[in-house]
Amino acid sequence: MTGPNLSLHNLVTVLRAPSVVLSDQDGQIHGDSLCGWFARDKRALAVVQVTLGDSGVVTVGHRHDEPSVASFHAVARESGAQWRDSTVHVRRDRRLFPSSLQEDVEVTNHGEGERLLTCTVRLATDFAGVDAVKAGRAASFVPPVVDGGRIAWLSGKDSVTLSAEPRGEVEIGPDGVVQAMWQIRLGGGESWRLELVAESSFAAAEFEQVPARTQPQWTLPANSGAGPGLADLRALLLADPAEPADSYLAAGSPWYLTLFGRDSIWAARLLLPLGTEVAEGTLRTLARRQGSGHDPETEQQPGKILHEMRSGAIDTGQVRLSSRYYGTIDATPLWICLLHEAWRAGMPDERVRALMPNLLAAMGWLTGADADPDGDGLIEYLPSSSGGLTHQGWKDSHDAFLHHDGRHPAAPIALCEVQGYAYAAALAGAELARAFDEPDAPQWTAWAARLKRRFRDAFWVEDSTGRYPAIALDADKKPVEGATSNMAHLLGTGLLDPAEAALVAERLGRADMITGFGLRTLSAASPMYNPFSYHRGSIWPHDTAIAMIGLAAEGHHPLATHLATGILRATTHFGGHIPELYAVLDETPLAYPAACVPQAWSAAAAVRCALYLSSTAA
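Criteria and thresholds
Residues numbered from 1 in each chain as written. Predicted model: local features only at pLDDT ≥ 70, side-chain atom pairs only at ≥ 80, totals over all residues. Heavy atoms only, no water. Salt bridge = Lys/Arg side-chain N within 4 Å of Asp/Glu carboxyl O. Helix = DSSP H or I, 4+ residues; strand = E, 2+ residues; numbered from the N terminus. Buried < 20%, exposed > 50% of the residue type's maximum accessible area, 1.4 Å probe, protein only. Expected span 1.5 Å × (residues − 1). Contact = heavy atoms within 4.5 Å. Pairing = 2+ DSSP bridges. 1 Å grid on protein atoms, 1.4 Å probe; cavity = no way out; pocket = protein on both sides within 12 Å on 5 of 7 lines; lining within 4 Å. Points joined across faces, edges and corners; volume = space filled by probe spheres on them. Nonpolar A, V, L, I, M, F, W, Y, C, P; charged D, E, K, R; others polar.

Here we come to the pattern of salt bridges. Counted by the stated rule, this structure contains 31 salt bridges. With its nearest N and O atoms 2.6 Å apart, the salt bridge here joins arginine 288 to aspartate 240. With arginine 288 in the loop between helix H4 (277-287) and strand S20 (308-309) and aspartate 240 in strand S18 (residues 237-240), this residue pair connects regions lying 48 residues apart in the sequence. Between arginine 288 and aspartate 246 there is a salt bridge, and its shortest N-O distance comes to 2.7 Å. Taken together, the residues span a long stretch of sequence, with arginine 288 in the loop between H4 and S20 and aspartate 246 in strand S19 (residues 243-249) at a distance of 42 residues. Of the residues examined, arginine 288 reaches a relative accessible area of 37% and is grouped as partly exposed. Note on aspartate 246: relative accessible area 4%, which makes it buried.

This is the structure:
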């Protein structure tokens with residue numbers, strides 16, 4: 001969940017999960033913004049500012065070739081009544097590790113004469129949670145402790161320590177900000193260097209965000225355009241704290257550097273052509289936390305796959321989520337689909353067999369009353385009873401979809417794409433049951449057939465453009481009309497017959513839905529359309545990639561190619577690091593200010609699009 005009041009798109013993100021640094025373009029980290037060094041969902045440093053002398057510096061650029069490394073360049077403003085060339089250059093190199101941050105400062109005198117300069121570094125922290133920072137809730141700086149060349153901040157069992165080489169003169173201001181100073185004397189052509197190293201340590205939590213031990217051996221075709229996406233994915237890898245050999249992809253930076261059901265599953269599905277390692281790790285990590293009972297506070301249900309795991313509860317001001325939160329309607333069928341697809345892609349039988357009890361539990365949830373609370377044969381979700389998410393599909397913002405008169409649909413709500421996931425999951429589960437000698441295949445196949453009939457009777461609507469599936473049915477079984485990208489997720493699931501798939505493909509290919517940079521989430525002809533809305537008109541790369549895969553599966557390759565090409569064009573536009581979402585207006589990609597980047601399923605979408613285009617060109 002994000003909002004337009006957040007401005008991430010102009011910040012520089014340095015990432016090595018579970019750590020991330022957000023700074024301004026000049027590398028400065030200010031204490032009154034979203035900037036900071038975040039580690040394990042807390043802000044470890046809120047202020048890291050480097051200045052030179054009284055006249056200040058002018059930023060002249062930065063370089064950010066790797067996710068965990070960045071360099072920032074500035075020149076000193078020169079005093080004097082007349083214009084003068086800058087002669088003092090300041091370089092700041094940032095290198096991030098899972099639990100530490102290193103900042104190297106180099107000051108060089110390119111002039112001929114000697115210069116006397118003062119370098120000042122301001123430092124502070126507040127240990128604010130990412131939810132508080134995101135919500136704009138102010139937090140006081142924690143008083144520091146200075147011991148020789150070591151500065152420490154302590155809050156309970158959380159700590160950050162910083163050392164500097166060489167040591168500087170340290171003062172502590174009344175606001176809790178540390179000010180360290182160095183007097184520098186530089187002859188012509190000489191340089192002075194400062195090394196700052198900060199280490200973080202946090203109290204034990206129910207769920208720890210643990211860095212991955214190894215990196216998958218991913219490779220892409222030459223000149224695919226998705227190389228930065230692979231680098232971002234490597235930087236997002238985390239390991240299951242219960243079994244560190246199992247890796248999964250954190251959902252995204254900066255707010256979602258942890259395990260997510262839907263996001264982690266989709267990222268793994270999109271990457272299956274590169275191997276099953278991440279898919280297997282994701283499956284097992286989620287299976288270890290599969291629901292085992294009913295708990296209204298966490299929205300846990302037996303057999304259900306969770307939505308997200310955190311080190312602590314989350315309160316963004318919009319939603320309140322427990323550290324272990326199960327409020328998702330689609331993660332469970334998607335987990336089943338991933339297990340089946342990973343098996344088909346080469347996951348060894350003995351590893352699949354070990355997950356068969358989890359499959360049985362997941363299918364029990366999917367075909368039972370918890371997933372169909374009103375018993376009408378469709379998969380639905382009820383209103384949150386714990387202050388959690390309003391909507392439990394991938395479009396989970398409070399106003400993700402509305403009736404044409406602006407009314408919010410009443411729950412229970414049945415989402416169109418979830419019926420497709422459920423149908424595919426039931427058939428996938430039946431195939432796995434037959435292969436691994438489980439007796440439930442016939443009943444799951446029959447259940448899927450009933451769902452298919454129910455969907456055909458309930459979801460199809462018609463307007464001046466023709467017939468298409470509505471995004472959802474409300475509590476009165478009235479469709480929420482207006483063409484959306486959700487219908488694209490039905491393609492390739494088997495829920496549609498070829499004629500129905502052709503209708504969906506034709507509708508997606510119309511000018512109100514398609515752009516040169518991806519698929520709109522909502523038709524531009526809808527009265528609810530806004531290209532800068534989170535879910536009602538923006539472009540989501542993963543959504544477009546899912547549409548591409550479905551279109552290709554149904555044989556609509558020209559449209560699939562158009563969408564894949566559009567995502568890679570957008571990737572280039574955003575410097576290779578494609579964001580969570582963006583707007584397209586007048587065929588120009590524009591930033592959504594609050595979009596997270598990198599985002600696992602966006603980066604994986606670019607990779608999958610590159611692989612598809614490479615396969616069709618071969």
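Glancing now at helix H5 (residues 331-344). For H5, which comprises 14 residues, the first-to-last C-alpha distance of 20 Å matches the rise-based estimate of 20 Å (1.5 Å per residue) to within 8%. Burial runs high along H5: 12 of the 14 residues are buried. Buried within H5 we find Ala331, Thr332, Pro333, Leu334, Trp335, Ile336, Cys337, Leu338, Leu339, His340, Ala342 and Trp343. Packed against the buried residues of H5 are helix H3 (261-270), H4, helix H6 (349-354), helix H7 (356-366) and helix H8 (416-435).

A few words now on the pairing of strand S15 (residues 178-186). Two elements, strand S10 (residues 115-124) and S15, share 9 bridges in a ladder whose sense is antiparallel. If you follow threonine 120 over to S15, its bridge partner there is methionine 181. Both strand S14 (residues 169-172) and S15 contribute to a ladder of 4 bridges, which runs antiparallel. The residue bridging isoleucine 172 from the neighbouring strand is valine 178, located in S15. The hairpin formed by S14 and S15 contains 5 residues between the paired strands, and glycine 176 there has a positive phi angle of roughly 85 degrees.

A separate point is the sheet that holds strand S17 (residues 210-211). Taken together, the 3 strands give an open sheet; going across it, the order is S17-S18-S19, and neighbouring strands pair in antiparallel fashion. Each of the sheet's edge strands pairs with one partner strand only, and the pair in question is S17 and S19. Note that S18 and S19 share 4 bridges and pair antiparallel. Residue pairing across strands places leucine 237 opposite leucine 249, the latter belonging to S19.

Before going further, it helps to examine empty space enclosed by the protein. Over the atoms rolls a probe the size of a water molecule, and its path tells where empty space is left. In the structure shown here, the tally under the stated rule is 4 cavities of 30 Å³ or more. By volume, the second largest cavity is sized at about 90 Å³. For the lining of the second largest cavity, the class distribution of residues is 7 nonpolar, 5 polar and 3 charged.

A few words now on unusual backbone geometry. Cis geometry marks the peptide bond from glutamate 165 to proline 166; its omega dihedral reads 0 degrees. Locating proline 166 in the fold gives a position in the loop between strand S13 (158-165) and S14. A positive phi is found at aspartate 41, a non-glycine position, where the angle reads about 70 degrees. The exposure class of aspartate 41 is buried, given its relative accessible area of 11%. For glutamate 587, which is not a glycine, the phi torsion comes out positive at approximately 55 degrees.

The element S13 is extensively covered by neighbouring structure, given that 6 of its 8 residues are classed as buried. Inspection of the sheet shows strand S12 (residues 150-155) paired to S13 by 6 bridges, in the antiparallel sense. Residue pairing in the sheet places isoleucine 151 in a bridge with leucine 162 of S13. The loop that links S12 with its antiparallel partner S13 comprises 2 residues; one of these, glycine 156, has a positive phi angle of about 65 degrees. Relative to strand S16 (residues 191-201), S13 runs antiparallel, the two being bridged by 7 bridges. Along S16, the bridge assignment pairs threonine 161 with glutamate 199.

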